[in-house]
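Here is what each chain is made of, one letter per residue.
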Amino acid sequence: MELLPEAYRKLDVKPIGRLDKETEGLLLFTNDGALAHHIISPKRVERYLAATGHRKKKTMLLYNANLNLAKEMYVVINYFEVALRNAIDVCLQQSLGPDWLRDSIMQGGIFDNKHCEKMKKVIFKRYQSLCNEGNYSHSKLLSSLEFGVWKYMFADFQYKVTGQKLLSIFPNKPKSSAAKQYDNTFIFNELNYINTLRNRIAHQEPICFSHKTRKIDTTYIHTQYERILRLFAMMGI
């Protein structure tokens, strides 16, 4: 939505459908609720209809409210993602060098092994695309990668091969105890919750209902929002 000219954003238009990151195609926008309801597939609005007693006007109001909630949360997630990836980058540049991402996928690099095969493919695809455009730089490669890459930096193998240093970007995290370990696995799991929400928003899944029900409830979103705030606090932000 932030890519739309301001004049259109002021009209409170909403997308009908979606486009994935790094894809091209036609995406329709409208502020006509009746038109949107006519175009959107019945399956997509089924829960909204059930929650509003099949009243079309209220259905579209609820659908648009969900879009607005998703938009606000997506902004928060994006801010957190930038802070996370930049902190990871600063930490690993100190130990692995200024082009550590590129070097990690080269022959003999730290991600050049069967344990990191998927991660290597994702990074290499972005790297190759930038090189083909004659536009490679470390910062551009860094910013082109998706949240999942940064989550997997805290998976056991990736955490180990990057020098077991990345927990240092959370200087304010609680101390581990016999009851609870605040280790790389804890951070991985916390990031996985955020990554799941990010993907749900990107796929325009409803986030204003209780899990697998038609009951309007924003507890899930509040929980994830509080999770992000805690992680920001652990990072000293």
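The following refers to the structure shown. Fair warning: this is a prediction, and the values are worked out from it, not measured in the lab. (Residues numbered from 1 in each chain as written. Predicted model: local features only at pLDDT ≥ 70, side-chain atom pairs only at ≥ 80, totals over all residues. Heavy atoms only, no water.)

1. A closer look at the overall build of the protein chain
- What the protein chain contains, in helices and strands, is 11 helices and 2 strands.
- Helices and strands in the protein chain line up, N terminus first, as α-β-β-α-α-α-α-α-α-α-α-α-α.
- Within the protein chain, the proportion of its 237 residues that are buried is 39%.
- Within the protein chain, residue pairs in contact and separated by at least 24 positions form 62% of the contacts whose partners lie at least 6 positions apart.
- On the protein chain, roughly 13,800 Å² of surface is accessible, and the fraction owed to carbon and sulfur atoms is 53%. (Helix = DSSP H or I, 4+ residues; strand = E, 2+ residues; numbered from the N terminus. Buried < 20%, exposed > 50% of the residue type's maximum accessible area, 1.4 Å probe, protein only. Contact = heavy atoms within 4.5 Å. Areas by Shrake-Rupley, 256 points an atom, 1.4 Å probe, with all protein chains shown as cover.)

2. What about the side chain of asparagine 66?
- By secondary structure assignment, the location of asparagine 66 is in helix 4 (residues 56–96).
- Overall, the relative accessible area of 4% leaves asparagine 66 in the buried class.
- Not counting residues within four places of it along the chain, the set of residues in contact with asparagine 66 comprises Tyr48, Glu205, Pro206, Ile207 and Cys208.

3. Re the nonpolar core
- Ranked by internal contacts, the top residues of the largest apolar core, which has 48 residues, are Phe80, Leu84, Ile88, Trp150, Met153, Phe154 and Phe170.
- When residues of this core are traced back to their parent elements, those giving at least two are helix 4, helix 5 (100–105), helix 6 (117–132), helix 7 (138–144), helix 8 (147–152), helix 10 (184–202) and helix 11 (219–234).
- Here this core gets 10 residues from one element, more than from any other, and that element is helix 4.
- The next biggest cluster of nonpolar side chains, apart from the first, holds 9 residues, and it includes Val45, Tyr48, Met60 and Leu67. (Core = buried A, V, L, I, M, F, W, Y, C linked by side-chain atoms within 4.5 Å.)

4. Thoughts on helix 10
- Here helix 10 is 19 residues long and its end C-alpha atoms lie 26 Å apart, about the 27 Å a rise of 1.5 Å per residue gives.
- By the burial criterion, the buried members of helix 10 are Asn184, Phe186, Ile187, Phe188, Glu190, Leu191, Ile194, Asn195, Leu197, Arg198, Arg200 and Ile201.
- On the buried face of helix 10, the contacting elements are helix 4, helix 8, helix 9 (156–161) and helix 11.
- The N-terminus of helix 10 is capped by aspartate 183, whose side-chain oxygen sits 3.2 Å from the backbone nitrogen of threonine 185. (Expected span 1.5 Å × (residues − 1). Polar contact = N/O pair within 3.5 Å; in protein donor to acceptor, adjacent residues only side chain to side chain.)

5. Some words on unusual backbone geometry
- Positive phi outside glycine occurs at histidine 54, with the angle close to 60°.
- Residues other than glycine seldom take positive phi values, yet glutamine 164 does so here, at roughly 55°.
- Its location among the elements puts glutamine 164 in the loop between helix 9 and helix 10.
- Among the residues examined, glutamine 164 registers a relative accessible area of 52% and is labelled exposed.

6. Here we look at the environment of tryptophan 150
- Structurally, tryptophan 150 is set in helix 8.
- Sequence spacing of tryptophan 150 and arginine 85 is 65 residues, and the spatial spacing of their C-alpha atoms is 6.4 Å.
- Not counting chain neighbours up to four residues away, the residues in contact with tryptophan 150 comprise Glu81, Leu84, Arg85, Ile88, Trp100, Leu101, Leu142, Leu145 and Leu191.

7. Quick notes on the environment of leucine 67
- Position of leucine 67 among the secondary structure elements: in helix 4.
- A sequence separation of 134 residues divides leucine 67 from isoleucine 201, and the C-alpha atoms of the two residues are 8.6 Å apart.

8. Some details on the packing of aromatic side chains
- What the rule picks out here adds up to 9 aromatic pairs.
- For the pair tyrosine 127 and tyrosine 136, a centre-to-centre distance of 5.2 Å together with 80° between the ring planes defines the contact as edge-to-face.
- Residue classification places tyrosine 127 among the buried residues on the basis of a relative accessible area of 14%.
- What links up through ring pairs into an aromatic cluster is the set Tyr48, Tyr63 and Phe209.
- Here the basic side chain of arginine 227 rests over the ring of tyrosine 193, its NZ or CZ set 3.9 Å away from the ring centre. (Phe/Tyr/Trp six-rings, centres within 6.5 Å; stacked < 30°, edge-to-face > 60°. Lys NZ or Arg CZ within 6 Å of the ring centre and 35° of its normal.)

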